[in-house]
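The lines below spell out each chain.
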Amino acid sequence: MEAGARTALVTGASSGIGAAAVRALAAEGLQTVAAARRIDRCRDLAHEVGGEAVELDVTDPESVAALAAALKSVDVIVHSAGGALGLEPVAEADEEAWRTMYETNVLGVERVTKALLPALERGGNGHIVVIGSIAGVEVYPGGAGYTAAKHAVNALCRTLRLELLGRPIRVTEVAPGMVETEFALVRFEGDADRAAEVYRGIEPLTAEDVADVIAFSVTRAPNVNLDYIAVKPVNQATATDYHRTS
Ligand SMILES: NC(=O)c1ccc[n+]([C@@H]2O[C@H](COP(=O)([O-])OP(=O)(O)OC[C@H]3O[C@@H](n4cnc5c(N)ncnc54)[C@H](OP(=O)(O)O)[C@@H]3O)[C@@H](O)[C@H]2O)c1
């Protein structure tokens, strides 16, 4: 870690893209703060990269306020906390699942951003990186609860870019296609067979592939804003069109 290095807070750092982002940003010399509900995993990761760990539930305003109070400074936020629950059509929508997806993916980004905007601006070289999804610009049957939330994330990022004009804060939306993480396992409530079927024969992205893109965007010159980056496996064209080799 370099002296005077920028500090990056990563939400959803206990798993998948968030954990890989912590490793990638630490490798680029940033100081890292790994945050999620599973604090033991965050502590192990922080120990591994020489960073810090904070327990965080992005759906809980008090937890976010405690995070903001605990951080001495922050220059980069990577919003990776989020995910999907279920794959039911609208006719069978589980409203509690929809509420959780909106709370986590959308209000989580709003809450953490709002709490840390003053600190980002103070640093003079702020950067907000939001992990959206191709589900933020596409739809698919059974996906409405998740796609609606990620469409809102896309709108939030575009709005932030307008509202932050004239302030030294970049806004990047990284929109992955299929990435093999705990995402499908969470979506299908721990059903490992159903989760594995999602990625069968596709050679999905790894969390490290996406973290590489995150680190690239964060390490550009301060005047360079990568607005929107869609990143998909070669065998995936859209959310519903892909080629399976097995
Ligand atoms: N995998 C994909 O194919 C894919 C594609 C496009 C976009 N994405 C997006 O990428 C992001 C990361 O997902 P992933 O693929 O890395 O899945 P993952 O392995 O399931 O990681 C999700 C992370 O979100 C955290 N999280 C969930 N609810 C939270 C809460 N209330 N407060 C704080 N943290 C919370 C989890 O930590 P705790 O449970 O410990 O809190 C975990 O660290 C998500 O926004 C997801 O929608 C994923």
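Residues numbered from 1 in each chain as written. Predicted model: local features only at pLDDT ≥ 70, side-chain atom pairs only at ≥ 80, totals over all residues. Heavy atoms only, no water.

**Student:** I tried to follow the overall build of the protein chain on my own but got confused; where do I start?
**Tutor:** For the protein chain, the helix and strand inventory stands at 8 helices and 7 strands. Here the C-alpha atoms of the protein chain give a radius of gyration of 17 Å, agreeing with the 18 Å that 2.2 N^0.38 yields for 246 residues. Dimensions along the principal axes, computed over C-alpha positions, put the protein chain at roughly 50 × 35 × 30 Å. Counting the 246 residues in the protein chain, one finds 50% classified as buried. Counted over contacts in the protein chain with a minimum sequence separation of 6, partners at least 24 positions apart contribute 70%. Counting every atom, the protein chain has about 11600 Å² of accessible surface; 52% of that belongs to carbon and sulfur. Both charge centroids of the protein chain, one from 22 positive and one from 34 negative side chains, sit 5 Å from each other. (Helix = DSSP H or I, 4+ residues; strand = E, 2+ residues; numbered from the N terminus. Rg over C-alpha atoms; globule rule 2.2 N^0.38 Å. Buried < 20%, exposed > 50% of the residue type's maximum accessible area, 1.4 Å probe, protein only. Contact = heavy atoms within 4.5 Å. Areas by Shrake-Rupley, 256 points an atom, 1.4 Å probe, with all protein chains shown as cover. Lys, Arg positive; Asp, Glu negative; His and termini not counted. Charge placed at Lys NZ, Arg CZ, Asp CG, Glu CD.)

**Student:** Honestly, unusual backbone geometry in this entry has me stumped. Any pointers?
**Tutor:** The general pattern is negative phi for most residues beyond glycine and trans for most peptide bonds. Unlike most non-glycine residues, Glu 189 shows phi in positive territory, near 50°. Mapped onto the fold, Glu 189 is located in the loop between helix H6 (183–187) and helix H7 (192–199). When its relative accessible area of 77% is taken as the criterion, Glu 189 is described as exposed. Here Glu 203, not a glycine, exhibits a phi torsion of approximately 50°, which is positive. With respect to the helices, strands and loops of the structure, Glu 203 is situated in the loop between H7 and helix H8 (207–218). With a relative accessible area of 69%, Glu 203 lands in the exposed category.

**Student:** What am I meant to see in the pattern of salt bridges here?
**Tutor:** Oppositely charged side chains can form a pair if their charged atoms are brought close together. Per the stated rule, a full pass over the model turns up 10 salt bridges. Residues Arg 99 and Glu 95 are paired through a salt bridge, measuring 3.7 Å at the closest nitrogen-oxygen approach. Of this pair, Arg 99 and Glu 95 are both found in helix H4 (residues 95–123), 4 residues apart, which corresponds to roughly one turn of the helix. Where Glu 121 meets Arg 167, a salt bridge forms, and the shortest distance between an N and an O atom there is 3.1 Å. (Salt bridge = Lys/Arg side-chain N within 4 Å of Asp/Glu carboxyl O.)

**Student:** Help me understand the pairing of strand S3 (residues 52–55) in this model?
**Tutor:** Side-chain direction in a regular strand flips from residue to residue, so the side chains alternate between the two faces of the sheet. Where strand S2 (residues 31–36) and S3 come together, 4 bridges link them in parallel fashion. Pairing of Val 33 across the sheet is with Glu 52, part of S3. Taken together, S2, helix H2 (residues 39–49) and S3 constitute a β-α-β crossover, and its handedness is right-handed. (Pairing = 2+ DSSP bridges. Right-handed = clockwise from strand over helix to strand, strands pointing away.)

**Student:** I keep staring at the environment of Glu 163 and nothing clicks. Help me out?
**Tutor:** With respect to the helices, strands and loops of the structure, Glu 163 is situated in helix H5 (residues 144–163). Counting along the chain gives 112 residues from Glu 163 to Gly 51, while the straight-line C-alpha distance between them is 31 Å.

**Student:** Would you mind showing me how to read the site of the ligand here?
**Tutor:** Neighbouring residues of the ligand: 32 residues in total, closest Ser 14, Ser 15, Arg 37, Tyr 146 and Thr 181. Contact distances for the ligand include 2.7 Å between an oxygen atom and a side-chain N or O atom of Ser 14. Between the ligand and Gly 83, the relevant distance is 3.4 Å, taken from an oxygen atom to a main-chain nitrogen or oxygen of the residue. Relative to its unbound accessible area of 870 Å², the ligand is 94% covered by the protein chains. Here the shell around the ligand is built from residues that sort into 13 nonpolar, 14 polar and 5 charged. (Near = heavy atom within 4 Å. Polar contact = N/O pair within 3.5 Å; in protein donor to acceptor, adjacent residues only side chain to side chain. Nonpolar A, V, L, I, M, F, W, Y, C, P; charged D, E, K, R; others polar.)

**Student:** Would you mind going over the nonpolar core with me for this structure?
**Tutor:** If you look at soluble globular proteins, the nonpolar side chains tend to sit buried side by side. Ranked by internal contacts, the top residues of the largest apolar core, which has 32 residues, are Leu 25, Val 78, Val 174 and Ile 214. Breaking this core down by element, the ones donating at least two residues are strand S1 (7–11), helix H1 (16–27), S2, H2, strand S4 (76–79), strand S5 (126–131), H8 and strand S7 (228–231). When neighbours within four sequence positions are excluded, Val 174 is seen to be in contact with Val 129, Val 130, Ile 131, Gly 132, Ser 133, Val 210, Val 213, Ile 214, Ile 229 and Val 231. Listed in part, the 30 residues of the second largest apolar core include Val 74, Ala 81, Val 130 and Leu 164. (Core = buried A, V, L, I, M, F, W, Y, C linked by side-chain atoms within 4.5 Å.)

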